[in-house]
Amino acid sequence: MTTQPTRYAPVLVGLHWLLAALLMLAMTMGTFVLKEMPNTSPDKVGSLRGHMIVGMVIAALMLVRLVTRLRTRRPPHAATGSTLLDQLGRAAHAGLYLLVFAMAASGLATAVQAGLPEIVFGGGAGSLPRDFSAYTPRLVHGWIAKALMALVGLHVAGVLFHQFRLKDRLLSRMWFGKR
Ligand code: HEM
């Protein structure tokens, strides 16, 4: 009989914290820099380039993490004592994958519709549209951003509930050490 590990595999732990940092960066950059900067600004193309690269890296790493998660042994889903809360936890994890992929897909769709790959990576070919508000995927990107921020908030609240209320040392499962 194989026993279940007490921690996630090191590659899953490393990717978790790297992705958390990259997602914070993409969301903060998107909300406070890109969204606020007019497309006429000389800095806009460079900022879009950075954001698009980070966004694509996030999608690729998220895929690597999902595949690795399915192929490695991991600790059982954390229990709270309430079936409803346990189901909410599972749904939140699935939702995080779904929303991050939807975020990348809607960002990519906006970029393709607006011809950004050529403008941003094509060495100055073409010019940016006046703004992106006419593109439906751009609107979807904004809505999903709000939903993702809310879900990340719920995820963090869940972790804090386990760590400090239930005192089950949940955080140690997502850190390096003997499994
Ligand atoms: C998957 C991770 C990503 C996250 C977390 C993210 C986050 C954001 C956020 C928060 C905004 C501002 C939305 C708003 O408040 O209305 C934004 C805007 C934008 N993002 Fe992303 N994004 C991601 C991926 C991508 C990708 C892969 C691309 C393109 C290849 C992209 C292209 C854009 C564009 C073109 C804008 C609009 C900028 C503007 O309105 O001037 N994003 N992003």
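Residues numbered from 1 in each chain as written. Predicted model: local features only at pLDDT ≥ 70, side-chain atom pairs only at ≥ 80, totals over all residues. Heavy atoms only, no water.

Colleague: How should the overall build of the chain be read in this particular structure?
Modeller: Helix and strand counts for the chain come out as five helices and zero strands. Reading the secondary structure of the chain in the N-to-C direction produces α-α-α-α-α. In terms of overall dimensions, the chain has a C-alpha envelope of 60 × 25 × 20 Å along the principal axes. With 179 residues in all, the chain has 37% of them scored as buried. Sequence separation of 24 or more characterises 78% of the internal contacts of the chain that already satisfy a separation of 6 or more. A total of about 10800 Å² of accessible surface is found on the chain, and carbon and sulfur atoms cover 68% of it. Across the chain, 19 positive and 6 negative side-chain charges occur, with their mean positions spaced 15 Å apart. (Helix = DSSP H or I, 4+ residues; strand = E, 2+ residues; numbered from the N terminus. Buried < 20%, exposed > 50% of the residue type's maximum accessible area, 1.4 Å probe, protein only. Contact = heavy atoms within 4.5 Å. Areas by Shrake-Rupley, 256 points an atom, 1.4 Å probe, with all protein chains shown as cover. Lys, Arg positive; Asp, Glu negative; His and termini not counted. Charge placed at Lys NZ, Arg CZ, Asp CG, Glu CD.)

Colleague: Mind showing me how you'd approach unusual backbone geometry here?
Modeller: Most peptide bonds take the trans configuration, and most residues that are not glycine carry a negative phi. In this structure, Lys167 takes a positive phi of about 50 degrees despite not being glycine. With respect to the helices and strands, Lys167 occurs in the segment after helix H5 (136-166). Phi angles above zero are rare outside glycine, and Arg169 is one such case at about 55 degrees. Residue placement: Arg169 occurs in the segment after H5.

Colleague: How do you make sense of the packing of helix H2 (residues 44-71) against helix H3 (residues 83-113) when you look at a structure like this?
Modeller: Packed helix pairs are specified by the crossing angle of their axes together with the interaxial distance, meaning the distance between the axes. Where H2 meets H3, the axes come as close as 10 Å, and the angle between the chain directions of the two elements is 145 degrees. Considering only the axes of H2 and H3, their crossing is left-handed. Of the residues in H3, those in contact with Met52, Gly55, Met56, Ile58, Ala59, Met62, Leu63, Arg65, Leu66 and Arg69 of H2 are His93, Leu96, Tyr97, Val100, Phe101, Ala104, Leu108 and Ala111. Class assignment of the residues belonging to the contact of H2 with H3 gives a composition of 14 nonpolar, two polar and two charged. (Axes fitted to C-alpha atoms, helices over the stretch in contact; angles between N-to-C directions. Left-handed = near helix turned anticlockwise from the far one by under 90°. Nonpolar A, V, L, I, M, F, W, Y, C, P; charged D, E, K, R; others polar.)

Colleague: It is not clear to me how the environment of Val11 should be interpreted in this structure. Could you clarify?
Modeller: Along the chain, the position of Val11 falls in helix H1 (residues 10-34). With 72 residues separating them in the primary sequence, Val11 and Thr83 have C-alpha atoms 30 Å apart.

Colleague: What's the story with the coordination of the iron atom of the ligand in this structure? I'm lost.
Modeller: Six octahedrally arranged donors around a metal ideally form angles of 90 or 180 degrees; four tetrahedrally arranged donors ideally form angles of 109.5 degrees. His51 (NE2) and His141 (NE2) make up the full set of protein donors to the iron atom of the ligand, lying at 2.0 to 2.1 Å. Between the six donor atoms coordinating the iron atom of the ligand, the angles at the centre fall across 87 to 179 degrees, so the site counts as octahedral. Of the two residues, His51 sits in helix H2 while His141 sits in helix H5, which places them 90 residues apart along the sequence. In this structure, His51 and His141 share a single accessibility class: buried. (Donors = N, O, S within 2.8 Å, 3.2 Å for Na, K, Ca; no water. Tetrahedral: all angles 85-135°; square planar, octahedral: opposite > 155°, others 65-115°.)

Colleague: Would you take a moment to explain the packing of H1 against H5 for this structure?
Modeller: Contact pair H1 / H5: the axes reach a minimum separation of 12 Å and the direction vectors enclose 140 degrees. Judged by the inter-axis angle, H1 sits oblique to H5. You can see that H1 and H5 cross each other, and the crossing is left-handed. Seen from H1, the contacting residues are His16, Leu23, Met24, Met27 and Thr31; seen from H5, they are Leu148, Met149, Val152 and His155. The class makeup of the residues in the contact of H1 with H5 is six nonpolar, three polar and no charged. (Parallel < 35°, antiparallel > 145°, perpendicular 65-115°, else oblique.)

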